[in-house]
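Residues per chain, in single letters:
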Amino acid sequence: MSVSRNTLSLQISASLFIVFGVGLLSLVLVGQNAIRMSDESSLARQERFAARHLAEAIAAIPQQQRSSTVWDEAIENTIARDVEWLDDNLGFWMQDYFGHNESYILDQTGAPIFASVKKEIRPPETYATRAEVIAPVVAQLRELMAEVSVGQDNPYEALAEVGVVAPLKFGDEVAIVSVVPIISDSGEIAQVPGTEAVHIAVRYVGAKLAKEIGLPIELPDAAFIASLTEDLAGTPVIGPTGEVLSWLVWKPVRPGMDLIMNMLPMLLAVGVLSVAVFFWMVRRLLRVSGQLQASEAQARLDVVALKQARQLAEAADRTKMNFMSIVSHELRTPLTVILGYAKLGKNLRQMPPAQRLSDTLQQRHVDASLAQSNLNDVLQTANTAMEKIERSGEHMLFLVNQLLDYAKMATGRLKVDPEICNVREVVEPVVEQMRVLTEQKGLDLETRIPPCFMLADVTRTRQILINLMGNAIKFTEAGKVSVVVTETEDKVHIAVSDTGLGVEPSELEKIFEAFHQADYSLSRSAVGTGLGLSVAKELARLECGTIHVSSEVGVGSTFTLSLPKETPPLLEKAA
């Protein structure tokens with residue numbers, strides 16, 4: 001029942017989310033398309049207006065010139081070379097009133113007779129800097145004038161409409177150059193075709209012209225630049241040969257995007273409200289199914305928790321039983337030896353050596369050497385028994401001490417007393433003590449112990465080394481066991497290596513856990529309580545040290561005990 005309700009709730013939620021998502025996506029796509037179309041239409045309109053006003057601004061320059069060049073007085077004063085009059089009417093006045101930047105007058109041969117630049121009269125030779133670029137435009141005007149004058153003695157009316165205007169480039173600077181003839185307005189001054197002087201007006205393509213073009217059509221920040229960038233809109237200024245000389249650019253007006261940005265707070269508020277209402281509806285629909293799901297989930301959690309608790313209890317029970325089995329076996333073995341040899345000592349008279357000694361002493365003539373030999377046999381038997389009892393007792397004491405150390409560790413009462421000590425004085429006694437075990441198993445024992453000092457509890461450090469070397473010997477059937485001491489800047493490292501079975505990677509972290517043995521199948525041939533490494537690791541920690549292990553199955557293992565060296569802070573701590 002709960003599964004069907006859960007499925008129904010999921011279907012309802014999915015349907016609502018799909019409908020809401022599709023609606024929202026459709027709204028976004030439609031809005032985006034509307035914004036794009038509006039902005040593109042506005043941009044196209046801006047480009048048309050800008051191009052038309054740019055063309056009108058260029059076409060207006062010849063008209064501006066004709067206000068003074070189609071004039072009888074202009075012809076008379078040009079012939080008279082009246083520089084002041086020419087500047088007042090064809091130079092300074094045009095630059096001041098119409099915004100031209102340079103004015104030149106050429107005679108019928110093309111030689112300059114007047115020059116004005118930025119409202120200042122200049123020598124006619126100034127025109128030489130512009131002559132090469134402007135010459136084609138002047139030549140084009142002369143050709144048009146010749147065509148219009150064909151068959152006419154005084155074609156002033158036709159010449160009044162003749163002019164050539166074009167954007168030109170002077171180095172890095174772009175300007176609009178307009179050339180018109182200076183002719184009579186009344187027709188009373190006869191001019192032979194081809195003898196007319198020409199007036200040249202130069203207007204720079206710059207900020208002033210851009211403002212005049214952009215202001216009437218509301219183009220923000222209109223300007224002329226060399227090349228068009230992605231963030232700007234523009235229309236090109238094209239030269240006589242069709243090349244782009246400059247760009248009239250402006251920041252594009254995007255009414256669609258501007259409208260969205262102005263309405264963005266309201267749209268966000270509506271969107272947030274819509275989302276809130278939608279989620280409220282979904283929440284209402286899912287409330288009942290959510291309660292059912294929670295009940296089901298809690299039931300499943302309870303089942304999982306019970307299962308985990310049972311597994312933990314079973315694991316703890318197995319660990320306890322395994323530990324009890326190991327400890328029982330470990331204690332029973334030396335105890336059996338002790339009891340066996342104790343019984344042997346109790347019945348020493350019944351042993352063959354004692355009986356032989358008794359028989360020898362009962363003879364009439366006692367052979368002293370034979371009696372001494374029999375006595376030695378009795379003493380040797382007793383000595384052997386005592387050695388067995390002693391080793392078994394020491395083994396039992398070791399096991400009991402391990403249990404006591406673990407109990408102290410579990411209760412936080414395990415203590416160490418570190419002091420500055422010679423590494424050799426700590427390690428070499430342990431090596432000699434364990435050499436007996438390596439010789440019994442036929443293993444080589446290699447050592448490299450250079451003289452150095454460390455901060456350590458001598459007794460506890462030896463206990464750690466006995467555990468590490470004992471494990472190395474225990475799990476090595478052939479090869480060698482080595483003890484190598486190295487030092488770094490602040491630590492002494494005692495590495496105990498073997499060529500034994502090795503440890504699986506998955507077991508490397510577990511081997512330091514209490515009661516854990518890497519391979520329980522070895523519990524009879526490689527005995528131990530499983531407490532040695534856990535106690536050793538805790539002792540190393542209390543000594544401000546660490547134990548690191550590296551192992552490869554079938555190759556061997558290396559346990560490295562790292563303890564601090566003699567440094568001033570550690571000396572103070574030891575004191």
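Residues numbered from 1 in each chain as written. Predicted model: local features only at pLDDT ≥ 70, side-chain atom pairs only at ≥ 80, totals over all residues. Heavy atoms only, no water.

Of all eleven residues in helix 12 (residues 532–542), eight are buried; the element is thus mostly enclosed. Along helix 12, the residues classified as buried are Gly 532, Leu 533, Ser 534, Val 535, Ala 536, Glu 538, Leu 539 and Ala 540. Just downstream of helix 12 lies Cys 544, where phi reads positive at about 65 degrees. (Buried < 20%, exposed > 50% of the residue type's maximum accessible area, 1.4 Å probe, protein only. Helix = DSSP H or I, 4+ residues; strand = E, 2+ residues; numbered from the N terminus.)

Looking now at helix 10 (residues 423–441). Here helix 10 is 19 residues long and its end C-alpha atoms lie 27 Å apart, about the 27 Å a rise of 1.5 Å per residue gives. Roughly 30 degrees is the biggest bend found in helix 10, and it falls at Met 434. What helix 10 keeps buried is the set Val 423, Val 426, Val 427, Val 430, Val 431, Met 434 and Thr 438. Where helix 10 is buried, its residues touch strand 10 (419–422), strand 11 (444–448), strand 12 (453–456), helix 11 (458–474), strand 13 (480–487) and strand 14 (491–498). (Expected span 1.5 Å × (residues − 1). Bend = angle between axes of the 7 residues up to and from the residue. Contact = heavy atoms within 4.5 Å.)

Let us look at the sheet that holds strand 15 (residues 546–552). Pairing between sheet strands relies on hydrogen bonds along the backbone, with the strands arranged either parallel or antiparallel. Spatially, 11-13-14-16-15 is the arrangement adopted by the five strands of the open sheet, whose pairing is mixed. Pairing within the sheet leaves two strands with one partner each, and these edge strands are strand 11 and strand 15. In this sheet, neighbouring strand axes are inclined to one another by 15 degrees on average, regardless of whether the strands run parallel or antiparallel. Judged from the seven bridges that link them, strand 13 and strand 14 form a sheet pairing that is antiparallel. Across the sheet, residue Thr 486 finds its bridge partner in strand 14, namely His 493. Sitting on the sheet, helix 12 is in contact with strand 15 and strand 16 (556–564), with an inclination near 135 degrees to strand 15. (Pairing = 2+ DSSP bridges. Axes fitted to C-alpha atoms, helices over the stretch in contact; angles between N-to-C directions.)

Now for a negative patch on the surface. On the surface, a cluster of negative charge is contributed by Glu 73, Glu 76, Asp 185 and Glu 188. Note on placement: Glu 188 falls in the loop between strand 5 (173–181) and strand 6 (198–204). (Patch = residues over 30% accessible without salt bridge, like charges linked within 9 Å, V, L, I, M, F, W, Y side chains within 5 Å. Areas by Shrake-Rupley, 256 points an atom, 1.4 Å probe, with all protein chains shown as cover. Salt bridge = Lys/Arg side-chain N within 4 Å of Asp/Glu carboxyl O. Lys, Arg positive; Asp, Glu negative; His and termini not counted. Charge placed at Lys NZ, Arg CZ, Asp CG, Glu CD.)

We now examine the pairing of strand 6. Burial within strand 6 is extensive, with seven of its seven residues counted as buried. Two elements, strand 1 (residues 102–106) and strand 6, share five bridges in a ladder whose sense is antiparallel. When the sheet's bridge partners are listed, Ile 105 is paired in strand 6 with His 199. Direction of pairing for strand 5 relative to strand 6: antiparallel, over a ladder of seven bridges. Looking across to strand 6, one finds that Pro 181 is bridged to Val 198.

Another point: the side chain of Thr 438. Inspection of the secondary structure assignment puts Thr 438 in helix 10. Since its relative accessible area comes to 1%, Thr 438 is described here as buried. Residues contacting Thr 438, with those up to four places away along its chain left out, are Leu 443, Leu 445 and Ile 473.

With that out of the way, let us pick up the pairing of strand 9 (residues 244–250). Working note: regular strand, side chains alternate between the two faces of the sheet. Counting buried positions over the seven residues of strand 9 gives six, a clear majority of the element. Relative to strand 9, strand 7 (residues 223–225) is paired through three bridges, and the arrangement is antiparallel. Across the sheet, residue Phe 224 finds its bridge partner in strand 9, namely Leu 248. Sheet topology note: the strand 8 (residues 233–238)/strand 9 ladder contains six bridges and is antiparallel.

Attention now moves to the packing of aromatic side chains. Evaluated as defined, the whole model comprises five aromatic pairs. Considering the side-chain rings of Trp 93 and Tyr 97, the 5.4 Å spacing of their centres and the 5 degrees angle between planes classify their relative orientation as stacked. Of the two residues, Trp 93 and Tyr 97 are both situated in helix 3 (residues 83–98); the distance of four residues between them amounts to about one turn of the helix. Classification of Trp 93 as partly exposed rests on a relative accessible area of 32%. The exposure class assigned to Tyr 97 is exposed, which follows from its relative accessible area of 58%. Counting every residue linked through ring pairs, the aromatic cluster contains Trp 93, Tyr 97 and Phe 98. (Phe/Tyr/Trp six-rings, centres within 6.5 Å; stacked < 30°, edge-to-face > 60°.)

Another point: the nonpolar core. Within the largest apolar cluster, 41 residues are counted, with the highest numbers of intra-cluster contacts made by Met 454, Ile 494 and Leu 561. Elements represented by at least two residues in this core include exactly helix 10, strand 12, helix 11, strand 13, strand 14, helix 12, strand 15 and strand 16. Here this core gets seven residues from one element, more than from any other, and that element is helix 11. When residues no more than four places from it in sequence are discounted, the contact partners of Met 454 are Glu 419, Ile 420, Cys 421, Val 423, Val 426, Thr 461, Val 492, Ile 494, Leu 563, Pro 564 and Lys 565. Counting 24 residues, the second largest nonpolar core, distinct from the first, contains Ile 134, Val 137, Val 198 and Val 202. (Core = buried A, V, L, I, M, F, W, Y, C linked by side-chain atoms within 4.5 Å.)

The subject of this paragraph is the pattern of salt bridges. Scanning the model with the defined rule gives eleven salt bridges in all. The partner of Arg 130 in a salt bridge is Glu 173, with the nearest N and O atoms 3.8 Å apart. Residue Arg 130 is found in helix 4 (residues 128–149), and its partner Glu 173 is found in strand 5; the two are separated by 43 residues along the sequence. Glu 446 is the partner of Lys 480 in a salt bridge, and the nearest nitrogen-oxygen pair spans 3.2 Å. Note that Lys 480 is positioned in strand 13 and Glu 446 in strand 11, a separation of 34 residues in sequence. Bridged by salt links that share partners, the residues Glu 102, Arg 130 and Glu 173 form one connected network.

Taken in spatial order, the three strands make up an open sheet running 7-9-8, and their pairing is antiparallel. The sheet terminates laterally at strand 7 and strand 8, the two strands that pair on one side only. Neighbour to neighbour, the strand axes of the sheet diverge by 35 degrees on average, direction disregarded.

Before going further, it helps to spend a moment on the confidence of the model for the protein chain. The share of residues in the protein chain with pLDDT of 70 or more is 80%, and the mean pLDDT across the chain is 82. Contacts from residues 520–527, a stretch scored under 50 in pLDDT, to residues over four places away or in other chains number 14 contacts. (pLDDT = per-residue confidence, 0-100.)

This next bit is on the environment of Ile 200. Summarising the element assignment, Ile 200 is placed in strand 6. With 95 residues separating them along the chain, Ile 200 and Ile 105 place their C-alpha atoms 6.1 Å apart.

Further remarks concern unusual backbone geometry. With a phi close to 55 degrees, Lys 118 is a non-glycine residue in the positive phi region. Accessibility expressed as a relative area gives 54% for Lys 118, which makes it exposed. Located in the positive-phi region is Asp 221, a residue other than glycine, with phi close to 55 degrees. Along the chain, Asp 221 turns up in the loop between helix 6 (207–214) and strand 7. Judged by relative accessible area, which is 63%, Asp 221 ranks as exposed.

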